[in-house]
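Spelled out from the first residue to the last, the chains are:
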Amino acid sequence: MINRLIQIQFARLKRQKILYLFFVVMTGIIISNGIQCAGGLDDHGMGYYAGGKFPTMCMQSYIDIVGTLFLGFISAVLICGEKASGMFAQPLLNGVSKKQLLTAKTVSIFTVALVCFLFVAAASIGTGFFLWGTHIFDQAQDYLLQMLLLLFPQTTMVLFFVLLALYMSNISGMMCASLIILLVNNLFSQFFGRYLSFVDFMYYLYAFSGYNGMEVTEKVIVSGITVNIVTGIILVYGIRRRAKNMII
């Protein structure tokens, strides 16, 4: 039953061509970044990311606004959009529980997030190889570690968007809330990161990607993984509680 529900979610996304649009936009951003880096002549501007640091730059572009908002939009479409249209209730009338339906939607959003993440990783390395040859692998150990660590806050982000979508009544409300939260969190992360690092999982989107020169130290890794695991458990509890009390 769950597999069938997941197939239905992907069929809806496929009909709307949302994922293809993301691939086109992100490819354009990566190519644009590559051209600017290749033309950079100094070590403090775009030229700093030429060669082995290019995948890091692309990951920073992805987690900053574009990729994160895209996941928010996918969550809005699969949850808020169906709630608003009444289609969310149809599977429930056919003997499917709210738990099964939300599990299928959450797994679908997780899968989309992973596909997008791997696409950015592969496209950035491929573009870098085309521009700088084997120099793209000079710092492979660093950016592969960053990518691995980023899977933690990315996973937590999906859970956060699922819970947020369960409280939003429509897609536009969900997107406005997502944008405001991201902008405010980005601002606070830059000025109050020392304090947010103890409680805010979104902070590690920036910390793990080396945003604004942040160092990925052992302490940052341990605290980041801990914060994301604890937050993830809390979000799962919140999703289950909201689903149980939600009136469709």
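This text goes with the structure placed above it.
## Section: the overall build of the protein
Each helix and strand in the protein was counted, giving nine helices and zero strands. Each helix and strand of the protein, ordered N terminal to C terminal, gives the series α-α-α-α-α-α-α-α-α. Over its C-alpha atoms the protein spans a radius of gyration of 19 Å, differing by no more than 12% from the 18 Å that the globule rule assigns to 248 residues. Principal-axis analysis of the C-alpha atoms places the extent of the protein at approximately 60 × 40 × 30 Å. Counting all 248 residues of the protein, 47% fall into the buried class. Carbon and sulfur atoms make up 67% of the accessible area of the protein, which amounts to about 12600 Å² in all. The average position of the 16 basic charges and that of the 9 acidic charges among the side chains of the protein differ by 27 Å.

## Quick look at helix α1 (residues 2–16)
Counting along an α-helix, one turn takes 3.6 residues, and residues three or four places apart therefore face a common direction. Relative to the 21 Å expected for 15 residues at 1.5 Å per residue, α1 spans 22 Å between its end C-alpha atoms, a close match to the ideal helical length. If you check which residues of α1 are buried, you get Leu5, Ile6, Gln9, Arg12 and Leu13. Summarising the axial view, the buried residues of α1 lie within an arc of 120°, below the 170-degree limit, and thus occupy one face. Relative to its buried face, α1 has exposed residues pointing more than 90 degrees away, namely Asn3, Arg4, Lys14 and Arg15. Phi for lysine 17, located one or two positions after α1, is positive at around 60°.

What counts as what
Residues numbered from 1 in each chain as written. Predicted model: local features only at pLDDT ≥ 70, side-chain atom pairs only at ≥ 80, totals over all residues. Heavy atoms only, no water. Helix = DSSP H or I, 4+ residues; strand = E, 2+ residues; numbered from the N terminus. Rg over C-alpha atoms; globule rule 2.2 N^0.38 Å. Buried < 20%, exposed > 50% of the residue type's maximum accessible area, 1.4 Å probe, protein only. Areas by Shrake-Rupley, 256 points an atom, 1.4 Å probe, with all protein chains shown as cover. Lys, Arg positive; Asp, Glu negative; His and termini not counted. Charge placed at Lys NZ, Arg CZ, Asp CG, Glu CD. Expected span 1.5 Å × (residues − 1). Arc of directions from axis to C-beta.

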